[in-house]
Number of protein chains: 2
Amino acid sequence: MLGIKLVRSYELSLVRQLYNQLKKLIMQGQLNANEKLPSTRVLAKALNVSRNTVVEAYDMLFTEGFIILKQGAPTTVVEQVSIKQQAVVKKIIDNNKPFKIDFLADFKTGQGDLKLFSIHLWQQMLVKGSQQLTKHQLGYLSPQGVSWLRSEIAAWLFRSRGLQVADTDIFITTGSTQALNILADLLNKKVHSFVVEDPCHIGVLNIIKNKQYPYTGCVVDEQGIQPELLTHKAISAVYVTPSHQFPLGGILPAKRRVQLISLARKKDFYIIEDDYDSEFRYQGAVISPLYSMDAERVIYLGTFSKSLFPALRIGFVILPKALQPQWLHFRQYMDVQNNSFEQAALAEFLQSRRMDKHIQKMSKIYGERRAFLLNCLKQTFGSDVAILGDNAGLHLVVQIQGKKFRDDFTQQAASKGIRIATVNDYSLEKAPYTDKLLLGYGHLTPEQINHHIKLLYDFIKTYKTS
Amino acid sequence: MLGIKLVRSYELSLVRQLYNQLKKLIMQGQLNANEKLPSTRVLAKALNVSRNTVVEAYDMLFTEGFIILKQGAPTTVVEQVSIKQQAVVKKIIDNNKPFKIDFLADFKTGQGDLKLFSIHLWQQMLVKGSQQLTKHQLGYLSPQGVSWLRSEIAAWLFRSRGLQVADTDIFITTGSTQALNILADLLNKKVHSFVVEDPCHIGVLNIIKNKQYPYTGCVVDEQGIQPELLTHKAISAVYVTPSHQFPLGGILPAKRRVQLISLARKKDFYIIEDDYDSEFRYQGAVISPLYSMDAERVIYLGTFSKSLFPALRIGFVILPKALQPQWLHFRQYMDVQNNSFEQAALAEFLQSRRMDKHIQKMSKIYGERRAFLLNCLKQTFGSDVAILGDNAGLHLVVQIQGKKFRDDFTQQAASKGIRIATVNDYSLEKAPYTDKLLLGYGHLTPEQINHHIKLLYDFIKTYKTS
């Protein structure tokens, strides 16, 4: 009857099947306005289902306003409820595609070796940490984050960097991207510029670009940002990586730190200090953050994406008091707060000092990989190769004598299956860095390093340099 | 020597202690530019520490540019590195305060009973779900979310609402707040207005207000939004809650659904359908989403904050194909992606059908609480009380004969320890809803309902209505 077909083995209930098909007939105008529907008894018999099934389907159509149900009167279709249904288009876009590319040699920067992180260990932390959660903590909480985690982060910053910070000044984030996103809105002074290091992390730049806020670069040298170049009249904020400049690898010297802070006080702007990978330093102690010099002018960004794993989505920001109320407001209307199970797991990881052991272990491994890569580069490229930057982090900057890498280098390398970036790819003013390559090695085993450098050598040999 | 004091029992290493104190002396100008520092041998002896401790501290100061270290020459302080240090202010702001208030009677809306959610169950899901994760999934993935979860959500929408949707059109979010935040930027056409229902969820309105995008209200009646009032020339998007209007509780009838979609096609705008709590319907089947009528004009928002718990921070959005590339771009620069352990846990929860059982169980409980509350209201207020809205969700709208609740009602109630909102609190045009109260009951046991309604009755009795 009415072309309706019901399938008993189907996952969808008979009621919903019947409802769907009747609704379709009505919407397509095959059952017209004011047209009578068969009685529940007749339709049930024709479809060989219980009368109750039809009653329920009719009830649904009535509740949603498709039909008129009146005792003693026939059931009729409501007026003006037909419309061309726009169903799901069959064409499937694979949105994951750009995230799936496999390279023969992958020198991507800023990622640790995820193969060495134990999923089992994190499961343990989740179970152990969440035993401390109250039922109240399953609900909406302060956007600032769970206080247990904040005090463990404060303790960790003190142990690892000698940094003294009150846990009430720490704000949990879902990572530095979120932090920068909020800070861009919070610090934007409209006609004033955001200043970023040049070269700098492109992701950081894109956050500001996306919002169409004015920005400008400040050229760095081998030591980092040069405060004497900050002659701009109006600055919203300055973004710096003083512990390990990205990508060039310099450590900002005390004199420039003092200059930068004096300038911030004089011109009334904030400094955003991104401490993205300073945990991993293979010679000497971890660099002391700029934040320790001025807790009212410096905003400190910390992340666990490099030290633990990116899909954790936990980072933090240390905020000057003046910015805290507005930060809470922005976070509240952005995504409210972090997941509480993951916060508890990280707090447990820090409190039990597993973090300290983990960093120690990974520093040793990354330090060995760095040394292996240096050796490999020297053996392959000979004396043509020069290394820049501090003995730290998860990537190297190399120069190869007599070689210039044009804008097409990255793409040409990719066509040969090699993922590699030049410093120029991270530069606002393209010219000055055509001779510098970035090699990420944190995620590579010695065998992979050997193999990848050979591929890179073969490619560079054939790459026409001018 | 130099007033330096080192404490062996201190958590901070002797090296960092020494470094910190020397740095402070330099920054404060007590050790002046070009001043000689004691030799490592002399200082080590004076402080009764190993010479290595002093060497390491000097190395740190050298690396960070505070001192000049030259073999054969005395160690001296660098020029221009003194600055007034701005340490952490002692004053502590308790940012958690507004989230901690305890009420004697709390009728907050939109929250389920967290006391009934088992932390142990979620621990199991985390462990079981994350066993399916690869090491690759600890890293940066597509902002769209883990594909396992997306296909389980598609299956769940089909089982629970008869909704047919491709998992490739589902985008995982950290909740509806995030979804609306991204959509506001994505759909904003500058001079055009966002249209929200009036009254509507204030959080939704605040997201648009915060961004300073133009908006306007469209007055709803007991059935929901009235498309014939959408006479605005230029509309960026229309936000609706057709399955259960918030806060009034109406179900949008088919005729208005058809009108709304026809209008969207004609005037070229998108409809944002927020399906925030339609899982919980105590009579009849779950309402079919508007999305099923037009997958190219309707954006569907789903959340697990009401059905599971808010601190999970997982929701999703079903996007028309035309919006997908830009969505990925916005999400990438907002916070990249969701945590992968929680995504796997939720996928496991859905796949194992624990979700179905959970919703069944909670629907029964909430339905009973609703019935209990209705009964309690009738017994307390007698025939003066009228109930509005569909038999669904986690809150009721009540009218009390002869009572008008002015703007000060909510605040006066709070001063008596009662958290309660009026519909007026959610209204853009204040006048029309002075006689309607909102009672959230999902989180209240029958005993609490009894107690809270008594308190409310006593308060309303004394509240001067004009």
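Residues numbered from 1 in each chain as written. Chains lettered and ligands numbered in written order. Predicted model: local features only at pLDDT ≥ 70, side-chain atom pairs only at ≥ 80, totals over all residues. Heavy atoms only, no water.

Caption draft 1: Representation of empty space enclosed by the protein in the model. Per the counting criterion, the structure on display carries 12 cavities of 30 Å³ or more. Around the largest cavity sit 18 residues that line it, and T174, R313 and N339 of chain A together with T174 and N339 of chain B are the ones nearest its centre. Of the residues contributing to the lining of the largest cavity, the split by class is four nonpolar, eight polar and six charged. (1 Å grid on protein atoms, 1.4 Å probe; cavity = no way out; pocket = protein on both sides within 12 Å on 5 of 7 lines; lining within 4 Å. Points joined across faces, edges and corners; volume = space filled by probe spheres on them. Nonpolar A, V, L, I, M, F, W, Y, C, P; charged D, E, K, R; others polar.)

Caption draft 2: Quick peek at the interface of chain A and chain B. The interface is formed by 117 residues belonging to chain A together with 117 residues belonging to chain B. Summed over both partners, the interface of chain A with chain B buries about 9700 Å², with 57% contributed by carbon and sulfur atoms. Taken together, the links from chain A to chain B amount to two salt bridges. The partner of R353 of chain B in a salt bridge is E11 of chain A, with the nearest N and O atoms 3.0 Å apart. If you look at where chain A meets chain B, you find 46 residue pairs in polar contact (both at pLDDT 80 or more). (Contact = heavy atoms within 4.5 Å. Buried area = accessible area lost by both parts, 1.4 Å probe. Salt bridge = Lys/Arg side-chain N within 4 Å of Asp/Glu carboxyl O. Polar contact = N/O pair within 3.5 Å; in protein donor to acceptor, adjacent residues only side chain to side chain.)

Caption draft 3: Region of interest: the sheet that holds strand 16 (residues 436-440) of chain B. Residues and elements named next belong to chain B. Spatially, the four strands line up as an open sheet ordered 12-13-16-15, and their pairing is antiparallel. Each edge of the open sheet carries a strand with a single partner, namely strand 12 (385-388) and strand 15 (421-422). Where strand 15 meets strand 16, two bridges bridge the pair, whose relative direction is antiparallel. Across the sheet, the residue bridging to A421 is L438, located in strand 16. Set on the sheet, helix 11 (residues 354-381) makes contact with strand 12, strand 13 (395-400) and strand 16; between it and strand 13 the angle comes to about 15°. (Pairing = 2+ DSSP bridges. Helix = DSSP H or I, 4+ residues; strand = E, 2+ residues; numbered from the N terminus. Axes fitted to C-alpha atoms, helices over the stretch in contact; angles between N-to-C directions.)

Caption draft 4: Highlighting the relation of the copies chain A and chain B. For the pair chain A and chain B, the best superposition has an RMSD of 0.0 Å and corresponds to a rotation of 180° with a translation of 0.0 Å parallel to the axis. Such a combination of turn and shift is consistent with a two-fold rotation axis. Comparing interface residues between copies, 100% of those in chain A also lie at the interface in chain B; the contact surface is shared. (Least-squares fit on C-alpha atoms with pLDDT ≥ 70 in both.)

Caption draft 5: Main features of the environment of L43 of chain A. All names here are of chain A. With respect to the helices, strands and loops of the structure, L43 is situated in helix 2 (residues 40-47). In this structure the C-alpha to C-alpha distance between L43 and D274, which are 231 residues apart in sequence, comes to 69 Å. Discounting chain neighbours no more than four positions away, the residues touching L43 are M1, L18, P38, V54 and Y58.

Caption draft 6: Inspection of unusual backbone geometry at higher detail. Residues and elements named next belong to chain A. The omega torsion of the bond from F246 to P247 falls at 5°, within 30 degrees of zero and hence cis. Positionally, P247 belongs in the loop between strand 8 (235-240) and helix 8 (254-267). Its identity as a non-glycine residue notwithstanding, K190 has a phi of 65°, on the positive side. Judged by relative accessible area, K190 falls into the exposed class, the value being 61%. (Buried < 20%, exposed > 50% of the residue type's maximum accessible area, 1.4 Å probe, protein only.)

Caption draft 7: Seen up close, the packing of aromatic side chains. Applying the stated criterion across every chain, the model contains 38 aromatic pairs over all chains. Here F341 of chain A and F309 of chain B contribute two aromatic rings whose centre-to-centre distance is 5.7 Å and whose plane-to-plane angle is 50°, an arrangement assigned as tilted. Placement of F341 of chain A in helix 10 (residues 340-351) and of F309 of chain B in the loop between strand 10 (298-303) and strand 11 (315-318) is noted, with the two residues assigned to different chains. Pair check on accessibility: F341 of chain A and F309 of chain B agree, each one buried. Taking 5.0 Å as the distance between ring centres and 50° as the angle between the ring planes, the aromatic pair formed by F117 of chain B and F309 of chain B counts as tilted. Of this pair, F117 of chain B sits in the loop between strand 3 (105-106) and helix 4 (119-130) while F309 of chain B sits in the loop between strand 10 and strand 11; the two residues are 192 residues apart in sequence, bridging distant segments of the chain. The class for F117 of chain B is buried, based on a relative accessible area of 3%. For F309 of chain B, a relative accessible area of 0% corresponds to the buried category. Residue placement shows R297 of chain A over the ring face of Y270 of chain A; its charged tip is 5.6 Å from the ring centre. (Phe/Tyr/Trp six-rings, centres within 6.5 Å; stacked < 30°, edge-to-face > 60°. Lys NZ or Arg CZ within 6 Å of the ring centre and 35° of its normal.)

Caption draft 8: Geometry of helix 9 (residues 324-332) of chain B. Residues and elements named next belong to chain B. Every buried residue of helix 9 is accounted for by Q324, W327, L328 and R331. Buried residues of helix 9, seen end-on, are gathered within an arc of 100° and therefore sit on one face of the element. For helix 9, the elements touching its buried residues are strand 4 (170-173), helix 6 (176-187) and strand 11. (Arc of directions from axis to C-beta.)

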